[in-house]
Amino acid sequence: MNWHRIAAVGLATALALSAPWIVPGAAAQESIRIGSPYRTTTLDPMRSAAAGNIETFGQLYSRLLRRNAQGELEPGLAESWEVSPDGTTVTLKLRDAKFSDGSPITADDVVFSLLRVRDDKESAYPAPLQQLKDAKAQDPKTVVLTLEHPFAPFLGNLEVFNAGIVSKADVEKRGADAFTKDPLTSGPYAVSEWRPNDRLVLKPNPNYWREGYPKNAGAELIEVPDQNTRVSMMLSGELDAAREMPWSQVAELQGREGLSLPLEPSTVIYMTLLNGKKPPFDNVKVRQAAAHALDVAAITQAMSFGNAKPANTTIPGALEFHAADLPGVAYDPEKAKALLAEAGYNGEEVTMLISDIADLDKLAALIQAQWQAVGIPSKIEKVDRGVWWERVPGADYHAAPSWWYNETLDPDLAVRWALCGTCGTESFYTFYSNPKVNELTEAAAAELDPAKRRELYRQIQEITTNEVAQIPLYYPPFTNAYGARVEGLSMSPALQWSLEDASVKN
Amino acid sequence: MSLFSALGQRLLQLIPVLIGISVVSFLLVQLSPGDPVRLLLGDRATAEAVAQVRERYGLDEPLLQQYFTYVGNLIQGDLGRSIRFQLPVGDLILDFLPATLFLIAYVVVISVPAAVLLAVAAARSQGGLVDQAIRLFAVVGMTFPVFWLALMMSRFFGVELGWFPVSGYGEGFVDHLHHLFLPAVSTSAWLIPLLLRNLRAALIEEMQADHVTASRSKGLGETYIFRRHVLPNSVLPTLNLLGLMISFLIGGSVVVEIVYAVPGLGSLMVGSVVGRDYYVIQGLTLVYALATVVVTLTVDILSTLIDPRVKL
Amino acid sequence: MTDIPAPAARPVRIGPGAVEIALGGGIILAWLTLALGAPLFAGLDPNAISFTALLQPPGTPGHLLGTDHIGRDVLARVLFAARIDIWMGVAGVVPPLLIGVLVGLISGYAGGRLDAVMMRLVDITVAFPFFVLVIAIVGILGPGLGNYFVALALVGWVSYARLMRAEVMVLRNKEFVTAAKVLGYGAPTILFRHILPNTLTAVLVYATTDAVLVLLAGASLGFLGLGVQPPTPEWGAMIAEGQPYVVQAWWICFFPGLAAMSLCLGFILLSDGFSRVLGAGRR
């Protein structure tokens with residue numbers, strides 16, 4: 001046997017085969033390709049509140065109301081609405097809209113979709129519709145929604161991702177299968193092909209109610225977990241937009257021709273959970289000491305290279321009624337030491353639990369060093385998200401640097417999620433519960449006068465920031481990158497792509 | 001006859017292997033912390049919704065019962081449904097299998113000839129300049145972090161020169177070759193040194209063996225001796241190593257698949273492990289097991305053909 | 001046919017093998033010295049962060065090799081990491097090697113049913129997805145470096161067992177083994193006195209490869225919580241941490257990479273040297 005010859009032939013063949021492709025430039029590409037680390041795991045808007053799914057639901061299902069580029073509410077599937085003087089009845093008139101198969105979207109579909117989110121035992125996130133007492137179809141084009149009591153965030157909550165309208169007939173006929181393949185959609189797109197764990201290919205919904213939209217031939221939502229890979233794909237033109245460019249490469253990418261990186265505002269907040277159920281952070285003085293120990297401005301600078309804003313309150317900076325003028329907790333190591341002494345803290349080591357999300361080990365190391373400086377020794381434990389989500393709700397941690405975001409601009413859901421001790425999630429499992437804050441949460445939601453609401457949310461932020469329900473760290477903008485080939489694409493603070501407005505340049 | 005009966009025996013032995021793997025992996029996965037439903041429903045999901053979905057997916061049943069349900073379905077050819085996607089596991093795996101198989105075949109086609117050529121060249125100039133250069137290449141290749149090489153190649157050949165795509169798998173054979181070129185080269189960059197060092201050591205050893213010395217004393221030409229005596233007698237350990245590495249690649253080309261966003265079994269596995277998608281992990285485990293056994297068997301059969309003293 | 005050598009008893013000759021052993025051993029010794037004297041050579045705390053000195057390039061006064069993404073001194077981290085990495089190279093390779101060699105020896109020599117059972121065990125282990133094992137170990141034993149070695153021992157022995165078995169199957173039919181049998185030596189004597197020394201080359205060559213893989217794999221498992229925990233300096237983890245900065249701050253990845261490469265080079269030279277010395281006495 002002649003090994004040399006076989007090898008030579010093999011190599012030559014490989015080279016010969018590769019030669020014709022060594023030509024720059026890509027083939028004509030009609031659809032818009034978006035890369036994200038967050039994956040689509042279900043096409044049923046009721047079934048998940050995880051980041052990738054939220055992005056997808058927005059493209060598939062229209063809501064009664066929508067937000068325009070300025071973040072204002074405007075008509076969606078409902079062309080008009082009327083709120084009764086006492087604030088407890090909302091009557092919505094539906095426009096003549098159709099599902100992707102051409103069947104009409106009726107008041108029955110709306111009632112079905114909303115009640116399903118509120119009532120279905122498997123509904124992942126019923127909170128936005130919790131105040132909905134009843135929904136009725138007055139006639140095929142009129143929906144009447146009644147509330148327990150006046151509830152200011154309600155119209156905004158009708159715009160949240162899981163309030164998307166699905167087809168009653170289809171879901172009743174196909175059951176859960178209605179969402180595994182080719183669901184009927186009410187939004188700008190329908191599913192062309194879903195390859196779970198890889199990509200979702202979208203095609204325009206021919207019956208979409210906004211005429212002339214989407215302004216493109218389709219889109220691909222591609223899952224790209226590695227951030228360097230997303231950067232490479234943006235640079236090589238294999239993506240038209242990508243989520244989460246690394247902070248360290250923002251400046252360089254902004255300087256690249258053919259790319260833009262506009263740093264769009266987000267409802268994301270980076271913070272550290274402190275477990276209020278366990279010593280030492282069950283003591284408010286130790287929590288305050290932990291907050292005074294951190295130089296939030298320096299941490300923000302180090303983490304984001306100056307692109308994020310230091311956080312001053314416990315809610316995301318992009319939310320309505322965020323109290324931008326509150327001073328936050330000052331960096332004051334001496335005060336921190338004094339508070340620790342007052343609290344009788346004996347220097348026991350705390351466990352800082354982090355998950356595998358990019359950048360968290362950097363953040364944890366910064367916090368560790370600054371806590372060490374005031375005499376709080378800590379040990380970092382890095383686990384994957386599965387373990388993290390078992391240990392945090394189980395109160396098996398002391399501190400947990402992480403992030404969260406809000407799915408709408410109204411602060412109600414954010415407060416219920418992260419600061420309210422009686423709203424179901426134990427203040428994001430910090431087990432912080434202040435009766436005054438819990439009361440204010442309900443009062444602020446029931447208050448219809450914006451000026452008064454502002455004041456109530458200000459109080460909530462003041463109390464929870466001073467009592468250190470969490471340690472707010474920074475408000476990062478989105479670091480999405482956009483290629484020059486596509487225009488009109490952007491992301492709203494609540495993670496919704498303006499994909500239907502985007503067009504491909506020729 | 002002996003080959004066939006031995007083959008039959010090996011296939012029979014496959015059954016306990018598969019059962020063993022399925023039991024152990026089932027237990028390990030289910031006992032490790034992390035709730036797939038919590039990960040699926042999202043951070044803000046209510047405890048009630050999580051409990052409800054767990055119940056509907058049968059995740060709160062006793063472990064033993066879950067296992068028997070699983071095996072019962074398995075016997076009927078049903079690998080179960082993905083917890084994350086609610087799609088049949090079999091379909092999911094079949095979607096991701098081709099890219100991985102293609103990549104491995106590509107890697108073998110690149111690595112084996114290169115490794116053999118380099119090892120032969122090195123062995124024949126043992127201690128010489130060529131040998132030293134090849135050994136240096138091998139050391140560097142082995143100690144190079146794969147992700148770093150992969151990233152640099154994608155930035156250089158993909159972004160700067162634009163010769164190759166930096167992601168995906170493409171459509172059609174030629175497109176696959178094009179898309180997977182950089183991933184295959186990145187993988188070969190550590191596989192070639194591994195094989196080459198192994199083969200070189202074996203070759204040098206064999207060149208000093210008695211029967212080779214005897215052939216030399218008979219006045220046979222070096223090249224003839226090399227092809228007829230040295231090479232065939234030295235490839236066995238390398239063949240074994242290659243088999244081992246192919247088995248490893250079927251489940252382990254994760255780094256390269258992630259860096260080049262290749263929709264292969266490695267990225268499916270990572271996604272499933274991180275999302276605690278029990279039945280997909282189970283299904284993948286069985287696929288790995290089958291593939292490993294097939295590769296091992298192939299290597300063993302080849303070994304008996306090359307060296308009749310080795311028994312199957 | 002006249003001599004029945006006991007190969008391991010051959011005297012070591014001064015030759016090319018010795019040069020490689022000296023070089024390889026020198027590199028490893030140098031790293032041992034650097035590791036033990038890290039506080040002395042580094043002069044800085046490897047975990048001391050600095051908000052004012054982020055991503056300083058090499059050559060910055062006070063930071064010979066620059067600083068990383070949170071202002072830690074790269075030189076100090078590289079030196080302190082040597083302690084952990086040398087330990088990893090040993091603790092991650094020796095247990096699997098011992099288990100694997102033993103299994104391979106017995107399996108290859110005994111053949112028959114015992115061999116079949118052992119090899120199926122090997123099949124199970126090879127086919128078993130490493131990640132599943134990793135999350136299970138993190139879940140049951142907790143995250144950390146020690147448990148990484150447990151995972152490696154549970155999986156790593158397979159390669160040695162298969163390599164060893166392949167070698168033994170060839171050797172057991174060689175003249176010197178047959179002769180030893182005729183002379184009435186028992187199986188343990190034949191295995192450990194006659195066969196084992198002749199297989200060490202291949203095993204040692206693979207072990208150095210394995211040490212390299214162990215050093216590099218630790219970093220790729222970090223995301224599941226196995227391996228060193230931050231902020232402990234370790235080369236693999238440093239490379240992984242530097243990954244997002246690889247384009248604009250190459251030194252964060254580069255120096256730990258270089259360190260790992262040089263230590264690996266030491267291992268490889270050492271094994272090459274050994275293999276040549278042993279090879280000289282081989283049959």
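Residues numbered from 1 in each chain as written. Chains lettered and ligands numbered in written order. Predicted model: local features only at pLDDT ≥ 70, side-chain atom pairs only at ≥ 80, totals over all residues.

**Quick notes on the confidence of the model for chain B**
Part 1: When the pLDDT values of chain B are averaged, the result is 85; 97% of them are 70 or greater.
Part 2: When the elements of chain B are averaged for pLDDT, helix α10 (residues 210-217) of chain B gives the smallest value, 76, and helix α5 (residues 89-124) of chain B the largest, 93. (pLDDT = per-residue confidence, 0-100. Helix = DSSP H or I, 4+ residues; strand = E, 2+ residues; numbered from the N terminus.)

**Structural notes on the packing of helix α6 (residues 129-143) of chain B against helix α9 (residues 181-207) of chain B**
Residues and elements named next belong to chain B.
Part 1: One way to put it is that α6 packs onto α9 with a least axis distance of 8 Å and a crossing angle of 135°. Here α6 lies oblique to α9, going by the angle between them. Here the hand of the crossing between α6 and α9 comes out left-handed. When α6 is examined against α9, the residues Ala138, Gly141 and Met142 are found in contact with a partner set consisting of Ala189, Trp190, Ile192, Pro193, Leu194, Leu196 and Arg197.
Part 2: Residues that form the contact of α6 with α9 fall into these classes: eight nonpolar, one polar and one charged. (Axes fitted to C-alpha atoms, helices over the stretch in contact; angles between N-to-C directions. Parallel < 35°, antiparallel > 145°, perpendicular 65-115°, else oblique. Left-handed = near helix turned anticlockwise from the far one by under 90°. Contact = placed C-beta atoms within 7 Å. Nonpolar A, V, L, I, M, F, W, Y, C, P; charged D, E, K, R; others polar.)

**Points about the nonpolar core**
Most often, soluble globular proteins have nonpolar side chains that are buried together.
Part 1: Ala119 of chain B together with Val132 and Val203 of chain C are the most contacted members of the largest nonpolar core, which has 344 residues in total.
Part 2: Broken down by element, this core gets its largest block of residues, 19 residues, from α5 of chain B.
Part 3: Ignoring anything within four residues of it in the chain, the contact list for valine 203 of chain C reads Leu97, Val101, Tyr160, Leu163 and Met164 of chain C. (Core = buried A, V, L, I, M, F, W, Y, C linked by C-beta atoms within 7 Å. Buried ≥ 20, exposed ≤ 12 C-beta atoms within 10 Å, placed from the backbone.)

**Quick word on helix α4 (residues 94-110) of chain C**
Part 1: Over its 17 residues, α4 of chain C extends 24 Å from the first C-alpha to the last, a length consistent with the 24 Å expected when each residue adds 1.5 Å.
Part 2: Downstream of α4 of chain C by one or two residues, glycine 111 of chain C has phi in the positive range, about 65°. (Expected span 1.5 Å × (residues − 1).)

**What about the sheet that holds strand β5 (residues 89-94) of chain A?**
In any sheet, the strands associate via hydrogen bonds between backbone groups, in a parallel or an antiparallel arrangement.
All names here are of chain A.
Part 1: Strand order in the open sheet formed by four strands is β4-β5-β7-β6, with antiparallel pairing between adjacent strands. This sheet does not close on itself; its edge strands, each paired only once, are β4 (78-83) and β6 (132-139). Going from strand to strand, the sheet's axes swing by 20° on average, the running direction of each strand aside.
Part 2: Taken together, the five bridges between β4 and β5 define a ladder with antiparallel strand orientation. Pairing of valine 83 across the sheet is with valine 90, part of β5.
Part 3: Set on the sheet, helix α3 (residues 107-119) makes contact with β5, β6 and β7 (142-147); between it and β6 the angle comes to about 170°. (Pairing = 2+ DSSP bridges.)

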